[in-house]
Structure formats: C-alpha cells, structure tokens
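Architecture and fold: a report
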Amino acid sequence: MKKHIIFILFILISTSIFSQVPKKSESVAVNGKYIYYEVYGKGKPLFLLHGYTLSSKSWLPYVKDFEKEYEVYLIDLTGHGKSDAFKEDLSIKSVAEDLNSLVQYLKLSKIKAIGFSFGGDILYQLALTNPPLIESMITIGAVGTWTVNDFPEYQKAFTFENRANFPWLLTSHGTDDKIKALMNQFKNYTVKITNEELQTIKPEVLIMIGDDDEGMDLEEVARVKKNLPKSDLWILPNVAHGAHEGETKGEFITKSKIFLSKK
C-alpha cells in the first residue's frame, strides 16, 4: 500500500513552510501520553494528518487554503513532533485510538479529514474505531494493507545510524531520543484491513495515489476500492508518493475542496 517513504520525504522537506499563528495550541494527556495539536481558521473541523517521521509542520503550507472554510486541526501523531515519543511498539490501531481520545477531549462529534501516508493509514483505523465520527476523508498514498517487511531496502537505509541523511528529522522532532524511537519503530510498521472491515467503513473516501508510487500495489488498491461502500479513486500520472505536493498541489486543493464539500 505504500511507500516511497524515504524519497518522498526529501521532497516534503523542501516545501516552503509558511509562517502561521494558530488560534489555539496545546498538549493533551491521552492514554498515558501527551499529544500536541494546533487549530486554525473557522468552520467545520478538518483534520490534516502527516506521514511517518514527519510532523504537523508538513501541513502548514496548506492551512491558508482551508482555513476560510474549515476549522483546521494540525496534529502531531503519537511519537512525532511535539507529542510524546513512542513508549511501546508502533501500532497503527493504537495511534488511531490515541487520536480518537483526542477527538473525545475536543468534544467533536463529526470531522472531515485528509491523511498522507501514515496519516491515511490512521484514518482507516479511526473510521473503524469510531464509525460515526468521519463524514468524509481523503487518503494520499495509503490504502488498506502494507508492511515494511516487503521493502527491506527501506529498512536498511532508514536507521538511526543514517539519520544525517534525513535532515528533516531534527527539524520535525528536536531530540535524538525521539528520532531514535521513530526510526527503531519503523520495523514494526504493519497495517492490515480485511474486506469485512472495509465494508463497515461509513465515510465517503477519496483514494488518491500517484501511479509512480512504488509502494502502492494496484491489486490492493482495487481490493480496497471494491470493498469500500462509498469511494472514489484518483490516480495521478507520473506522480510518486506525495501526490498532493509540488506541481499537483493546486489540483489537489481544488479537487479536495470539492470532495469535502459534498453533502
């Protein structure tokens, strides 16, 4: 299901980060750890979830595009950014449960959401954890089932010893302890969703992928599309993992707004 994870992050880190001032920001204790979030704009809640080893900072350049229509929530997912480092083995389900606990703290009954890569994986799990919560969601470079064990070259390259090759890590996470935990937990990155689980997912889903995303198995994409009750598939030609980035950003903003505004 994934994951041009090493190479796409080089693209992401080169994205210019706009100076934004949140109207609210705090760290909240949920499930024995602290989760950090920021809020911008006004309107219906829109969650923007980042990829693995990134942080909420990666979505800052998009805030201005959504904040006039939505109350935008940028969240440092468990183990990332200003949230607490991983204290246990990485579990997509556990991260989704932490996010759901944050939602409960915020007293939100309905949200819309966009998730890139890891963030998209979390959204599928969140839709299973709290079925009524998500009205509609967009997943980018994330669909169904994936395990890092299918990509040994990623595991070999993406280690704490090689951290100097990935300069965004210090910018996003600040300390060697947090970076080490992230990179060590990469070996545990596994997510699986059955046909039966997909068939229970309630929100309308836009599955967005680049056709050059080498981690996206088209058979898996077809399986997920077939079993999701309400879904659209958008495949971008000659585009890799970060299908919402670079030259395709404008088109992504336009189409995502149209999709999310559906009644």
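Only a predicted model underlies this, so the values are computations on that prediction, with no experimental measurement involved.

1. Description of the nonpolar core
In terms of nonpolar packing, the biggest core is built from 85 residues, with Phe47, Ile75, Ile114 and Tyr124 touching the most fellow members. No other element matches helix H3 (residues 92-106), which puts seven residues into this core. With sequence-adjacent residues up to four places away left out, tyrosine 124 is seen in contact with Met137, Thr139, Ala142, Val143, Gly144, Ile193, Ile201, Val205, Ile207, Val224 and Leu228.

2. Structural notes on the packing of aromatic side chains
Counted by the stated rule, this structure contains 16 aromatic pairs. Ring geometry for tyrosine 52 against phenylalanine 118: centres 5.2 Å apart, planes inclined by 80°, an arrangement best described as edge-to-face. Pair noted here: tyrosine 52 is in the loop between strand E3 (44-49) and helix H2 (60-66) and phenylalanine 118 is in helix H4 (residues 118-129), with a separation of 66 residues, a long-range link. For tyrosine 52, a relative accessible area of 1% translates into the label buried. Between tyrosine 52 and phenylalanine 186, the aromatic rings sit 5.8 Å apart at their centres with planes inclined by 25°, giving stacked as the arrangement. Of this pair, tyrosine 52 sits in the loop between E3 and H2 while phenylalanine 186 is found in the loop between helix H7 (176-185) and strand E8 (190-191), placing the two residues 134 residues apart along the sequence.

3. Overview of the environment of serine 56
The residue serine 56 is located in the loop between E3 and H2 in this model. A C-alpha to C-alpha distance of 9.2 Å links serine 56 and tyrosine 36, two positions 20 residues apart in sequence. In contact with serine 56, other than residues within four places in its own chain, are His50, Leu74, Ile75 and Asp76.

4. Looking at the pairing of strand E5 (residues 111-116)
By the criterion of burial, E5 is predominantly enclosed, with six of the six residues buried. Where E3 meets E5, four bridges bridge the pair, whose relative direction is parallel. Along E5, the bridge assignment pairs phenylalanine 47 with alanine 113. In this structure, E5 lies alongside strand E6 (residues 134-140), joined through six bridges in parallel fashion. Within E6, the position partnered with isoleucine 111 by the bridge is isoleucine 134.

5. A look at H7
Of all the positions in H7, only Lys178, Ile179, Ala181, Leu182, Met183 and Gln185 are classed as buried. Where H7 is buried, its residues contact helix H6 (168-173).

6. Comments concerning the pattern of salt bridges
As enumerated under the stated definition, the model contains 14 salt bridges in all. As a salt-bridge pair, lysine 24 and glutamate 26 come within 3.7 Å of each other at their nearest N and O atoms. Within this structure, Lys33, Glu88 and Asp98 form a network of salt bridges that share partners.

7. Here we look at the pairing of strand E10 (residues 231-236)
Judged from the six bridges that link them, strand E9 (residues 204-210) and E10 form a sheet pairing that is parallel. Residue pairing across strands places valine 205 opposite serine 231, the latter belonging to E10. Assessed by its sense of winding, the connection that carries the chain from E9 through helix H9 (residues 218-227) to E10 is right-handed.

8. Some words on H4
A rise of 1.5 Å per residue sets the reference length of H4, with its 12 residues, at 16 Å; its end C-alpha atoms lie 16 Å apart and thus fit the reference within 8%. H4 sits mainly inside the fold: 10 of its 12 residues count as buried. Taken as a whole, H4 has its buried residues at Phe118, Gly119, Gly120, Asp121, Ile122, Leu123, Tyr124, Gln125, Leu126 and Ala127.

9. Remarks on the environment of proline 131
Along the chain, proline 131 falls in the loop between H4 and E6. Judged by relative accessible area, proline 131 falls into the partly exposed class, the value being 29%. Note: C-alpha distance between proline 131 and isoleucine 201 (70 residues apart in sequence) is 6.7 Å.

10. Here we look at the sheet that holds strand E1 (residues 24-30)
Read across the sheet, eight strands follow the order E1-E2-E4-E3-E5-E6-E9-E10 without closing on themselves; strand pairing throughout is mixed. In this open sheet, the two strands that pair with only one neighbour each are E1 and E10. The average angle at which neighbouring strand axes cross in this sheet is 20°, direction not considered. Taken together, the five bridges between E6 and E9 define a ladder with parallel strand orientation. Looking at the pairing, isoleucine 138 lines up with leucine 206 of E9.

11. Structural notes on the packing of H3 against H4
Running from amino to carboxyl end, H3 crosses H4 at an angle of 70°, the nearest separation of the two axes being 8 Å. Accordingly, the angle class assigned to the pair H3 and H4 is roughly perpendicular. Note on element contacts: H4 touches H3 through Phe118, Asp121, Ile122, Gln125, Leu126 and Thr129, opposite Ile92, Lys93, Val95, Ala96, Glu97, Leu99 and Asn100. Split by residue class, the contact of H3 with H4 holds seven nonpolar, three polar and three charged.

Each value, and the rule that gives it
- Residues numbered from 1 in each chain as written.
- Predicted model: local features only at pLDDT ≥ 70, side-chain atom pairs only at ≥ 80, totals over all residues.
- Heavy atoms only, no water.
- Core = buried A, V, L, I, M, F, W, Y, C linked by side-chain atoms within 4.5 Å.
- Buried < 20%, exposed > 50% of the residue type's maximum accessible area, 1.4 Å probe, protein only.
- Helix = DSSP H or I, 4+ residues; strand = E, 2+ residues; numbered from the N terminus.
- Contact = heavy atoms within 4.5 Å.
- Phe/Tyr/Trp six-rings, centres within 6.5 Å; stacked < 30°, edge-to-face > 60°.
- Pairing = 2+ DSSP bridges.
- Salt bridge = Lys/Arg side-chain N within 4 Å of Asp/Glu carboxyl O.
- Right-handed = clockwise from strand over helix to strand, strands pointing away.
- Expected span 1.5 Å × (residues − 1).
- Axes fitted to C-alpha atoms, helices over the stretch in contact; angles between N-to-C directions.
- Parallel < 35°, antiparallel > 145°, perpendicular 65-115°, else oblique.
- Nonpolar A, V, L, I, M, F, W, Y, C, P; charged D, E, K, R; others polar.

That's the geometry; what it means functionally is another story.
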